[in-house]
Amino acid sequence: MQNKPISTLMIPGPVEISPEVAKSFAEPIASHVSPKIIEAHGSALEGMRKVWLAGADSQPFVIAGSGTIAMEMAATNTLEPGDTAVVMNSGYFGDRMAKMLVRRGVLVHSVFADEIGGHPSLEKLADILKNHNIRAVFGTHVDTSTGVRLDAQKVAKLAKDAGALSIFDGVCATAGEVFRMEDWEADVYFTASQKALALPPGLALMVVSKSALKRRRGMEVLPPLSLDWLEWLPIMEAYEGRKGSYFSTPPTHLISALNISLSQVLERGIEQVFEDHQSAADLVRAALADMGLTLVPKPGLAANTLSAVYYGDRPQIVQQLKSKGVIIAGGLHPEIKDQYFRIGHMGYSVRDGEDMDRLLSILSGI
Ligand SMILES: *Cc1c(COP(=O)(O)O)cnc(C)c1O
């Protein structure tokens, strides 16, 4: 089966997938408790811990779903109505997180940057942590609408010192941006399959700390049944122990593909994969600077997984790239939506040189 793309997908997710991942979707359907799926599922959970750089006592979860479902799972398993939380808001997905928490009946303090493309203030966070009983701090590791990368290590530290959980949306970051879950003592790091893990959409994934699980155990207002960590925990434990189990049918083809993708990341080495993303981002930024274009993120804050860039004098750039076979995205942040575009450079595309070469040669020629 040939999987030659007619165009290269370089939006901030979904992104290109490896030929091995693509091929796995043509495998015959298998039972979710067949030896093949049990092995893939168990091995994928082990792989997640390694890619997340999470401790041996952390718990990975993978369920059918989107990034938004992962957000909901993280929120409803850590907070109850009446709790107070902070959202470090660096764009569109911070707004979504806050909205979700408000629906859960949580009192939310949002910390914004002074301007779009800035970093939400760490001093303000420290201040709120000092003056309120904060149960959890949420941050978007990379906000896909602004291309800003949060200083997740500092946020995790401030939260920890104040006795709050730290919960990070890694949907546009995990397996692309440096994140050391164990070293940084972060409590939840979640993602979705279609971003830097380079899989089709359809999986919600997260690794959670012992403290986060403990928080869930002490809850009185329970999360929705289908998102409940405690319903899923025995299932994850069974698969990791190489036994089949059932709570709700896992998306078997995606789980097999996840195992392949994680193995590819680990084969290259997670530190090397972080560096791949750094070099890809450096090259794209240099090409954009040569074109006279300006990034949305302020200096030093630009993510390695995508670039958010003002159109400047190139209002046709999305169409120009499309006509040359590279699909990039328009804006997402409602306040500047029509003023900028976004290029995703994450996952398989940056581990494999071809897509990056294609992008860079087009950028240098237009
Ligand atoms: C894409 C994205 C989401 C939402 O993921 P969906 O799968 O579209 O629900 C959430 N947070 C961030 C940072 C994202 O990039």
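Residues numbered from 1 in each chain as written. Predicted model: local features only at pLDDT ≥ 70, side-chain atom pairs only at ≥ 80, totals over all residues. Heavy atoms only, no water.

### Considering the domain arrangement of the chain
Moving on, step 1. Taken domain by domain, the chain consists of domain 1 (8-16 + 269-364) and domain 2 (19-266).
Moving on, step 2. Using C-alpha coordinates to define each centre, domain 1 is positioned 25 Å away from domain 2.
Moving on, step 3. Across the boundary between the two partners, domain 1 contributes 33 residues, which contact 37 residues of domain 2.
Moving on, step 4. Between domain 1 and domain 2 the total buried area reaches about 2700 Å² when both faces are included, carbon and sulfur atoms providing 62% of it.
Moving on, step 5. Considering only the side of domain 1, the residues that lose the most area to domain 2 are Ile270, Phe274 and Leu301, jointly responsible for 21% of the buried surface there. (Domains from an automatic or database assignment. Contact = heavy atoms within 4.5 Å. Buried area = accessible area lost by both parts, 1.4 Å probe.)

### As for the nonpolar core
Moving on, step 1. Grouped together as the largest cluster of nonpolar side chains are 92 residues, with contacts concentrated most on Trp52 and Val137.
Moving on, step 2. In contact with Trp52, other than residues within four places in its own chain, are Thr174, Phe179, Arg180, Met181, Tyr189, Thr191, Leu197, Leu205, Met206 and Val207.
Moving on, step 3. In this structure, Met291, Leu293, Ile343 and Ile362 belong to the second largest nonpolar core, which totals 22 residues. (Core = buried A, V, L, I, M, F, W, Y, C linked by side-chain atoms within 4.5 Å. Buried < 20%, exposed > 50% of the residue type's maximum accessible area, 1.4 Å probe, protein only.)

### Observations concerning the site of the ligand
Moving on, step 1. Taken together, 13 residues lie near the ligand, and Gly67, Thr68, Thr144, Asp169 and Lys195 sit nearest.
Moving on, step 2. Within the contact set of the ligand, a nitrogen atom lies 2.7 Å away from a side-chain nitrogen or oxygen of Asp169.
Moving on, step 3. Within the complex, the protein chains bury 87% of what would otherwise be the 380 Å² of accessible surface of the ligand.
Moving on, step 4. Considering each element in turn, the shell around the ligand owes the most residues, three residues, to helix α3 (residues 67-76).
Moving on, step 5. A class-by-class count of the residues in the shell around the ligand yields five nonpolar, six polar and two charged. (Near = heavy atom within 4 Å. Polar contact = N/O pair within 3.5 Å; in protein donor to acceptor, adjacent residues only side chain to side chain. Areas by Shrake-Rupley, 256 points an atom, 1.4 Å probe, with all protein chains shown as cover. Helix = DSSP H or I, 4+ residues; strand = E, 2+ residues; numbered from the N terminus. Nonpolar A, V, L, I, M, F, W, Y, C, P; charged D, E, K, R; others polar.)

### Considerations on the side chain of His141
Moving on, step 1. Take His141: it is sitting in the loop between β5 (136-140) and β6 (142-143).
Moving on, step 2. In this structure the side chain of His141 is engaged in a polar contact, spanning 2.8 Å, whose partner is the side chain of Tyr189.
Moving on, step 3. The residues contacting His141, other than those within four sequence positions of it, are Val148, Arg149, Leu150, Ala152, Asp169, Gly170, Ala173, Glu177, Val178, Phe179 and Tyr189.

### A closer look at the pattern of salt bridges
Moving on, step 1. One pass over the structure, following the stated rule, counts 14 salt bridges.
Moving on, step 2. Note that Arg149 and Glu177 form a salt bridge whose closest N and O atoms lie 2.7 Å from each other. Of this pair, Arg149 sits in strand β7 (residues 148-149) while Glu177 sits in the loop between β8 (165-169) and β9 (188-192), placing them 28 residues apart in sequence.
Moving on, step 3. Of the charged contacts, one joins Lys154 and Asp151 as a salt bridge, the two residues approaching to 3.3 Å between their closest N and O atoms.
Moving on, step 4. For Asp151, a relative accessible area of 27% corresponds to the partly exposed category.
Moving on, step 5. Through salt bridges with shared partners, a single ionic network connects Glu39, Glu46 and Arg242. (Salt bridge = Lys/Arg side-chain N within 4 Å of Asp/Glu carboxyl O.)

### Thoughts on the sheet that holds β9
Moving on, step 1. Taken together, the seven strands give an open sheet; going across it, the order is β2-β10-β9-β8-β5-β3-β4, and neighbouring strands pair in mixed fashion. Each end of this open sheet is capped by a strand with a single partner; those strands are β2 (59-64) and β4 (107-112). Across the sheet, the mean angle separating the axes of adjacent strands is 15° when strand polarity is ignored.
Moving on, step 2. With six bridges connecting them, strand β3 (residues 84-89) and β4 associate as parallel partners. (Pairing = 2+ DSSP bridges. Axes fitted to C-alpha atoms, helices over the stretch in contact; angles between N-to-C directions.)

### Quick notes on unusual backbone geometry
Moving on, step 1. Of note, the amide linkage connecting Gly13 to Pro14 takes the cis form, showing an omega dihedral of -5°.
Moving on, step 2. Following the sequence through the fold, Pro14 ends up in the loop between β1 (8-9) and α1 (19-24).
Moving on, step 3. Positive phi, normally seen in glycine, also occurs at Glu185, with a value near 55°.
Moving on, step 4. Relative accessible area serves as the criterion here: at 45%, Glu185 is assigned to the partly exposed category.
Moving on, step 5. The residue Ala198 is not glycine, and still its phi comes out positive at about 55°.
Moving on, step 6. Within the secondary structure, Ala198 is located in the loop between β9 and β10 (203-208).

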